[in-house]
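# Reading the structure
So you can see what is in the structure, the chains are spelled out below.
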Amino acid sequence: MKAAMLRSVLRRSCSTTVPSASHVMRRGFSSESSPERKVAVLGAAGGIGQPLALLMKLNPLVSKLSLYDIAGTPGVAADISHINTRSEVAGFMGEDQLGQALEGSDIVIIPAGVPRKPGMTRDDLFNINAGIVKSLCTAISKYCPNALVNMISNPVNSTVPIAAEIFKKAGTYNEKKLFGVTTLDVVRAKTFYAGKAKVNVAGVNVPVVGGHAGITILPLFSQATPTANLPDEEIKALTKRTQDGGTEVVEAKAGKGSATLSMAYAGAIFADACLKGLNGVPDVVECSFVQSTITELPFFASKVWLGKNGVEEVLGLGPLSDYEQQGLEALKPELKSSIEKGIKFANQS
Ligand SMILES: NC(=O)c1ccc[n+]([C@@H]2O[C@H](COP(=O)([O-])OP(=O)(O)OC[C@H]3O[C@@H](n4cnc5c(N)ncnc54)[C@H](O)[C@@H]3O)[C@@H](O)[C@H]2O)c1
Ligand SMILES: O=C(O)C[C@H](O)C(=O)O
């Protein structure tokens, strides 16, 4: 954390003002007199779940924070509930409390499931996480069918299509309300680009499209701002580093999981954007993996305009460089097959 930001966090935590997560994270402003909003985190006692729950507790747009896991939630909820911010915190543990955890939720964030170890692909998580996502989405369609769902559990390229199929079967599917969280790819692309371009990271924007695994992650550095005219070789290296960002962390953690802290930050940014959209804040745009018609694939990550009903509009790709156009064509077969695998799983089981 940069020194100035840390000072800002510390100053705020000692003041009587309710700290604003969005101010802390983006130096923006959020209203404390915003509508009542319940946010549920499923997998709240995990590596991502705990810091994400903390960041959501700091967000003044949240009035109720519901923390659910199969184990460990009472301790996490008791701990977080002592923080003097707006939201009321409740912890729920085990399947029989899942309904209570979900009821009335405006947003459900799902970081439940197993993470990678070195040598694994995200698809290697499919066998375990597909079943977890299926059961959680079945409960969502029963207890809070109108909630926006922020899917973090991997492989996102398959878990989002699984969720869509489960909601379709339950008759609750609304394509405007289902999001694969790809914000960490954007966070990484911004950080890596700022380093190479030698610009202030706070002002950097880089769209990342496609999906969330390996070559399906396609950062559009040709659209990065501020512009830097980096040579082609540097753009290729930045692209590869963004695509391999998750693996970089998995290897550094050497068997102790994957990205948790940066993911919690990214998840909190995305949930904050969803809350702002729900509350009618204009011009809220984030990249996300959603149902899409901007390519021939049924789901695709791109810039999405968020509004009172979730997706207001899936925005187009904009002009691509030749290198990005090649990347786009190259990612389609893998992304198509991951989407189909998810759809097949949901309809077989
Ligand atoms: N979308 C992304 O960019 C991104 C980034 C990082 C990690 N991830 C993924 O997020 C997931 C979680 O990662 P983590 O590091 O927090 O793992 P973790 O093992 O630390 O935590 C997962 C939590 O899920 C809980 N859980 C398991 N089954 C559950 C169920 N049925 N209901 C509720 N909770 C359940 C576990 O008890 C645990 O507390 C992994 O699949 C990982 O690959 C995605
Ligand atoms: O790489 C992983 O397995 C976790 C996550 O998808 C990430 O991008 O960090």
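Residues numbered from 1 in each chain as written. Chains lettered and ligands numbered in written order. Predicted model: local features only at pLDDT ≥ 70, side-chain atom pairs only at ≥ 80, totals over all residues. Heavy atoms only, no water.

## A short note on the side chain of Thr 183
In plain terms, the rule: A run of DSSP states H or I qualifies as a helix once it reaches four residues; a run of E qualifies as a strand once it reaches two. Both are numbered from the N-terminal end. Per-residue accessibility, obtained with a 1.4 Å probe over protein chains only, is compared with the maximum for each type, and a residue is labelled buried under 20%, exposed over 50%, and partly exposed between these values. Any two residues having at least one pair of non-hydrogen atoms within 4.5 Å are treated as being in contact.
Here Thr 183 shows up in helix H8 (residues 183–197). Looking at Thr 183, the relative accessible area reads 2%, which means it is buried. Filtering out sequence-adjacent residues up to four positions away, Thr 183 remains in contact with Ala 266, Ile 269, Phe 270, Glu 286 and Cys 287.

## Describing the pattern of salt bridges
Where we set the bar: A side-chain nitrogen of Lys or Arg and a carboxyl oxygen of Asp or Glu constitute a salt bridge if their distance falls within 4 Å.
Counting across every chain of the model gives 11 salt bridges. Taking the shortest distance from any N to any O, the salt bridge between Glu 233 and Lys 236 comes out at 4.0 Å. Taken as a pair, Glu 233 and Lys 236 lie in helix H9 (residues 232–243) at a separation of three residues, close to a single helical turn. The exposure class assigned to Glu 233 is exposed, which follows from its relative accessible area of 56%. A relative accessible area of 38% places Lys 236 in the partly exposed class. Glu 248 serves as the salt-bridge partner of Arg 241, at 2.9 Å between the closest nitrogen and oxygen. Exposure remark for Glu 248: the relative accessible area of 36% places this residue in the partly exposed category.

## Looking at the UniProt feature "domain: Lactate/malate dehydrogenase C-terminal" (unreviewed entry) in the protein chain
Heads up, the condition is: UniProt positions are given in the numbering used here, feature names are shortened, and annotations may be inferred rather than shown by experiment.
According to UniProt, the positions carrying the feature "domain: Lactate/malate dehydrogenase C-terminal" (unreviewed entry) are residues 182–345. Annotated as 48% helix and 17% strand, the span residues 182–345 places its first and last C-alpha atoms 22 Å apart.

## Let's talk about the site of ligand 1
Short version of the rule: Residues are labelled near a given molecule or strand when at least one of their non-hydrogen atoms is within 4 Å of it. Polar contacts, as used here, are pairs of N or O atoms within 3.5 Å; protein pairs need one atom able to donate a hydrogen and one able to accept it. Residues neighboring in sequence count only if both atoms are side-chain atoms. The accessible surface values rely on the Shrake-Rupley method and a 1.4 Å probe; as for residues, cover is taken only from the protein chains in view. Under this grouping Gly is polar, as are all residues other than the nonpolar Ala, Val, Leu, Ile, Met, Phe, Trp, Tyr, Cys and Pro and the charged Asp, Glu, Lys and Arg.
Ligand 1 sits among 28 residues. The nearest are Gly 47, Ile 48, Asp 69, Val 114 and Asn 154. Asn 154 places a polar side-chain atom, nitrogen or oxygen, 2.9 Å from an oxygen atom of ligand 1. Note that an oxygen atom of ligand 1 is positioned 3.1 Å from one of the side-chain N or O atoms of His 212. The protein chains hide 86% of the 860 Å² of surface that ligand 1 would expose on its own. Counting residues per element, the ones that place at least two in the shell around ligand 1 are strand E2 (64–69) and helix H6 (126–143). The residue makeup of the shell around ligand 1, split by class, is 17 nonpolar, 10 polar and one charged.

## Section: the nonpolar core
This is how the line gets drawn: In this description, a nonpolar core means a group of buried Ala, Val, Leu, Ile, Met, Phe, Trp, Tyr and Cys residues linked to one another through side-chain atoms lying within 4.5 Å.
In this structure, Leu 42, Leu 102, Val 108, Ile 110 and Ile 140 are the most contacted members of the largest nonpolar core, which totals 45 residues. Listing elements by their share of this core, those giving two or more residues are strand E1 (38–42), helix H5 (98–102), strand E4 (107–110), H6, strand E5 (148–151), helix H7 (156–170), strand E10 (299–307) and helix H12 (322–348). If we ignore the near neighbours within four places in the chain, the residues touching Val 108 are Ala 40, Leu 42, Leu 102, Ile 140, Cys 144, Ala 147, Leu 148, Val 149 and Asn 150. Counting 42 residues, the second largest nonpolar core, distinct from the first, contains Ile 48, Leu 55, Ala 273 and Leu 278.

## Quick word on the site of ligand 2
All residues adjacent to ligand 2 are Arg 116, Arg 122, Asn 154, Leu 184, Arg 188, His 212, Gly 246, Ser 258 and Ala 259. Contact distances for ligand 2 include 2.6 Å between an oxygen atom and a side-chain N or O atom of Arg 116. In the environment of ligand 2, an oxygen atom lies 2.8 Å from a nitrogen or oxygen atom belonging to the side chain of Arg 122. Isolated, ligand 2 exposes 260 Å² of accessible area, and the fraction of that covered by the protein chains is 95%.

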